[in-house]
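Chain residues, written in single-letter form:
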Amino acid sequence: MRMLSSYPKEIKVFLLASLVNAIGSALMWPLVTMFVFDELGRSMSDAGLVILVQSLGGIAGQLLGGALYHRIGVKRLIIGALAMNAIGLLLLPALSHAWTVFIAMMGLIGLFNALSMPAIQAFIGFRFADRRGELYNVVYVANNIGVAIGTALSGFLADASYSLSFILNGVSSGVFAVFFLFYLKQVGTGGSGEGASLLKKRAGQREGLWTLLKDVRIYLFMALGAMLINLGNSIWNTGVSPFIIEHDMPKQMFGFLWTLNGILIFVAQPVTNLIKRTAAGSIKSQLTASAVFYLLGYAVMLAMHSFAGMVFGMVLTTLGEMLIAPAIPAFLSENGRKHAPFYLGLAGGIGSAGRVIGPYVMGSLYDGGGLIPVAWLAVVTASMAAAAFIVHAAMNRSHKDSRAALRGTLHS
């Protein structure tokens, strides 16, 4: 990863704005369950229902955001989604004590928050096409620094006021919307390079939804692999967390694991760069390597089922996360071309389904047998994800070979 000083000013400004927005977002998400249980006096099953509705809203937002990118334009989509998210968050404290209204608001917040995600990813891919892979990684690191800072601050804010956390998150979302309003005026929405030339070349051409969905080579097995990874990763909240509590370990030990995750994402960049140079040179191989690291991390926890095993498992799965997080948007931006926003939203929605399914499935397994069956499921899902990524790589390799053969025939 390049030093920040080597990037143009427009990239550094974008990274700073992303960092501020990530801090604001992280002020809220750890506190939703606590807010429902503590402030509203509802049951944990009610808290789970809120998270489920918010997650479903997020899936719908990613799918809708990808589909609307070329229909309404990147500026209106990003600014509108961020502004609606800000309004929802600012209204939430006043509406939170009406239970059905609160649930509906959380679904809308999940929708509006996710609506801008594929649009922002596609904007990066189009505007900075010559360095999109590197920039996706830098944005990923910056966002995780923001999450680490925001999560650390959220506990102090919760002691003062839950509502303050919601309001500050809304303010940060509103500031991000205003930032994009002026930023897009300055740098444009397409920029030079591959993204802009494709948009101009194919202006007015629209392929039907079914035509895009039939091109499963681009998205399907990669998205299924991501869904399985997200399902297995539910082990932390619905396996490791109750294990720590049941074994009378300090609750801070669970927080330590996520602190370790945040630190590694920042300091272990040389490790993942070495992996990419020596064993995973292409984006497709990075996906498979990420699943292997997740598999190894879960296998360690299955073998040791102790806190030391959890620490080692967190190290390995974080390396897997660092490989997969920037690889998916980079691949879709490169191969989806004009339709990259649609595929980014589609793959993001499918992948997020794992976060919806995982907590319920793993929670049921933990109630029946503790950490061991949960870890077994995580191992199985990581293995299946690796298989899905291998199929994805094979399909795209054969497609590339067929295109090369066709070009050879035409030129012979």
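The residue numbers shown here count from 1 along each chain, following its written sequence. Totals for whole chains, interfaces and linings use all residues, but because this is a predicted model, local features are given only for residues with pLDDT of at least 70 and pairs of side-chain atoms are given and counted only at 80 or more. Based on all heavy atoms of the structure, the side-chain values leave hydrogens and waters out of the count.

The name given to the protein chain in an unreviewed UniProt entry is MFS transporter, with the source organism recorded as Paenibacillus sacheonensis. UniProt positions are given in the numbering used here, feature names are shortened, and annotations may be inferred rather than shown by experiment. Within the UniProt record for the protein chain, the comment given under Subcellular location (unreviewed entry) is "Cell membrane".

Explain the overall build of the protein chain here, please?
Strands here are runs of E lasting at least two residues and helices are runs of H or I lasting at least four, both read from the DSSP assignment and numbered beginning at the N terminus. Scanning the protein chain for helices and strands turns up 18 helices and zero strands. Classification of residues uses two cut-offs on accessible area relative to the type maximum, computed with a 1.4 Å probe and protein chains only: under 20% is buried, over 50% is exposed, and between them is partly exposed. The proportion of buried residues among the 412 residues of the protein chain is 51%. Contact definition: two residues touch when any of their heavy atoms are within 4.5 Å. Counting contacts in the protein chain only where the partners sit at least 6 residues apart, residues at least 24 apart contribute 83% of the total. Per element, the accessible surface of the protein chain, about 18,500 Å² overall, is 67% carbon and sulfur. Per-residue accessibility takes into account occlusion by the displayed protein chains alone, with areas from the Shrake-Rupley method and a 1.4 Å probe.

When you look at helix H15 (residues 283-304) in this model, what are you seeing that I'm missing?
For an α-helix, 3.6 residues make a turn, and residues three or four places apart therefore share a direction. A helix is expected to reach a length of 1.5 Å times the quantity of its residues less one. Taking 1.5 Å as the rise per residue, H15 with 22 residues should run 32 Å; its terminal C-alpha atoms sit 32 Å apart, in good agreement. Following H15 by one or two positions, His 305 has its phi on the positive side, about 30°.

What is the right way to look at the packing of H15 against helix H16 (residues 307-336) in this model?
How two helices sit against one another is set out by the angle between their axes and by the gap between those axes. At a minimum axis distance of 8 Å, the contact between H15 and H16 shows a crossing angle of 160°. When the axes of H15 and H16 are compared, the pair comes out roughly antiparallel. Considering how the two elements wind past one another, H15 and H16 form a crossing that is left-handed. To obtain each axis, a line is fitted to C-alpha atoms, and for helices this fit is confined to the stretch in contact; angles are then taken between N-to-C directions over 0 to 180 degrees. Just so you know how the angles are binned, under 35 degrees is roughly parallel, over 145 roughly antiparallel, 65 to 115 roughly perpendicular, and the rest oblique. Here is the rule for handedness: rotate from the far helix to the near one, and if that takes an anticlockwise turn smaller than a right angle the crossing is left-handed, while a clockwise turn gives right-handed.

Which parts of the structure should I look at to understand the side chain of Ser 96?
Mapped onto the elements, Ser 96 comes out in the loop between helix H4 (74-95) and helix H5 (99-115). Two N or O atoms form a polar contact when they lie within 3.5 Å of each other; inside protein one atom must be a possible hydrogen donor and the other a possible acceptor, and for residues adjacent in sequence the pair counts only when both atoms belong to side chains. Among the polar contacts made by the side chain of Ser 96, one reaches the main-chain carbonyl oxygen of Pro 93 at a distance of 3.2 Å. For Ser 96, the residues in contact, after removing those within four places along its chain, are Phe 35, Leu 40 and Phe 102.

In this structure, what is going on with the nonpolar core? I would like to understand it.
Most often, soluble globular proteins keep nonpolar side chains buried together rather than apart. Ranked by size, the top nonpolar core spans 98 residues in total, and within it Phe 123, Ile 124, Phe 180, Ile 235, Leu 257, Met 310 and Leu 332 carry the most contacts. Ranked by the residues each element gives to this core, the list is headed by H16, at 13 residues. Marked domain ranges trace back to an automatic or database domain assignment. Both domains that furnish three or more residues to this core are identified here as domain 1 (8-202) and domain 2 (205-411). Aside from chain neighbours lying at most four places away, what touches Ile 124 is Phe 14, Ala 129, Leu 135, Tyr 136 and Val 139. Residue types Ala, Val, Leu, Ile, Met, Phe, Trp, Tyr and Cys, when buried and joined through side-chain atoms within 4.5 Å, form a set referred to as a nonpolar core.

Is there a simple way to explain the environment of Gln 186 in this structure?
Mapped onto the elements of the fold, Gln 186 is located in helix H8 (residues 162-187). The exposure class assigned to Gln 186 is exposed, which follows from its relative accessible area of 68%. Separated by 176 residues in sequence, Gln 186 and Glu 10 place their C-alpha atoms 9.0 Å apart.

Teacher, can you tell me more about unusual backbone geometry here?
Trans peptide bonds make up most of the peptide bonds, and negative phi angles are found at most residues other than glycine. At His 305, a position not held by glycine, the phi torsion is positive, near 30°. A positive phi angle, close to 50°, is found at Arg 337, a residue other than glycine. Looking at where Arg 337 falls in the secondary structure, it is placed in the loop between H16 and helix H17 (340-369).

Could you clarify how one ought to interpret the environment of Ile 78 in this entry?
Considering the arrangement of structural elements, one finds Ile 78 in helix H4. Along the primary structure Ile 78 and Met 117 are separated by 39 residues, whereas in three dimensions their C-alpha atoms are 8.2 Å apart. The contact partners of Ile 78, leaving out residues within four places of it in the chain, are Ser 116, Ala 119, Ile 120 and Phe 180.

Looking at this structure, I do not really get the confidence of the model for the protein chain. What am I missing?
Regions with low pLDDT carry predicted coordinates that are not meant to be interpreted in detail. Values of pLDDT, the confidence the predictor places in each residue, fall between 0 and 100. This prediction gives the protein chain a mean pLDDT of 83; 89% of its residues lie at or above 70. Below a pLDDT of 50 lies the segment residues 191-205, which in the model reaches 19 contacts outside its immediate sequence neighbourhood of four places, other chains included.

In this structure, what is going on with the pattern of salt bridges? I would like to understand it.
For side chains of opposite charge, pairing can occur when their charged atoms come near one another. Note on definitions: salt bridges are taken to be side-chain nitrogens of Lys or Arg within 4 Å of carboxyl oxygens of Asp or Glu. Counted according to the given criterion, the structure contains one salt bridge. Among the salt bridges present, the one from Asp 215 reaches Arg 217, with a minimum N-O distance of 3.9 Å. When its relative accessible area of 28% is taken as the criterion, Asp 215 is described as partly exposed. The class for Arg 217 is buried, based on a relative accessible area of 13%.

Hey, could you run me through the packing of aromatic side chains in this one?
Two aromatic rings, drawn from Phe, Tyr or Trp (for Trp, its six-membered ring), form a pair once their centres lie within 6.5 Å of each other, and the interplanar angle then sorts them: stacked below 30 degrees, edge-to-face above 60, tilted otherwise. Scanning the entire structure with this criterion turns up 19 aromatic pairs. Between Phe 123 and Tyr 183, the aromatic rings sit 6.3 Å apart at their centres with planes inclined by 70°, giving edge-to-face as the arrangement. Residue Phe 123 is located in helix H6 (residues 117-127), and its partner Tyr 183 is located in helix H8; the two are separated by 60 residues in the primary sequence. Note on accessibility: Phe 123 and Tyr 183 belong to one class, buried.

Where do I start with helix H12 (residues 235-246) in this structure?
For H12, spanning 12 residues, the distance from its first C-alpha to its last is 15 Å, which sits close to the expected 16 Å at 1.5 Å a residue. Along H12, the residues classified as buried are Ile 235, Trp 236, Thr 238, Gly 239, Val 240, Ser 241, Phe 243 and Ile 244. With its phi angle positive at about 55°, Asp 248 sits one or two positions after the end of H12.

Can you help me understand the side chain of Gln 286 in this one?
Along the polypeptide, Gln 286 turns up in helix H15. Assessed through its relative accessible area of 9%, Gln 286 is described here as buried. In this structure Gln 286 touches Lys 276, Ala 280, Gly 281, Leu 323 and Ala 327, once residues within four positions along its chain are discounted.

Explain a nonpolar patch on the surface to me, please; I cannot follow it from the model alone.
Note that patches include only residues with greater than 30% relative accessible area and no salt bridge, and the join distances are 9 Å for like charges and 5 Å for nonpolar side chains (Val, Leu, Ile, Met, Phe, Trp, Tyr). Taken together, Ile 145, Ile 149, Leu 153, Ile 263, Phe 266 and Val 267 make up a surface patch of nonpolar side chains, about 500 Å² in accessible area. Of all the secondary-structure elements, those providing two or more residues to the nonpolar patch are helix H7 (132-160) and helix H13 (252-267).

What is the right way to read the packing of helix H11 (residues 216-232) against H15 from this model?
Between H11 and H15, whose axes approach to 11 Å, the crossing angle comes to 20°. Here H11 is positioned roughly parallel relative to H15, judged by the angle of their axes. H11 and H15 meet at a crossing whose hand is left-handed. Residues Met 222, Ile 229 and Gly 232 of H11 lie in contact with H15, whose contacting residues are Leu 287, Ala 291, Tyr 294 and Tyr 298. For this scheme, ten residues count as nonpolar: Ala, Val, Leu, Ile, Met, Phe, Trp, Tyr, Cys and Pro. Four count as charged, namely Asp, Glu, Lys and Arg, and the remainder, Gly too, count as polar. Of the residues belonging to the contact of H11 with H15, the class tally is six nonpolar, one polar and no charged.

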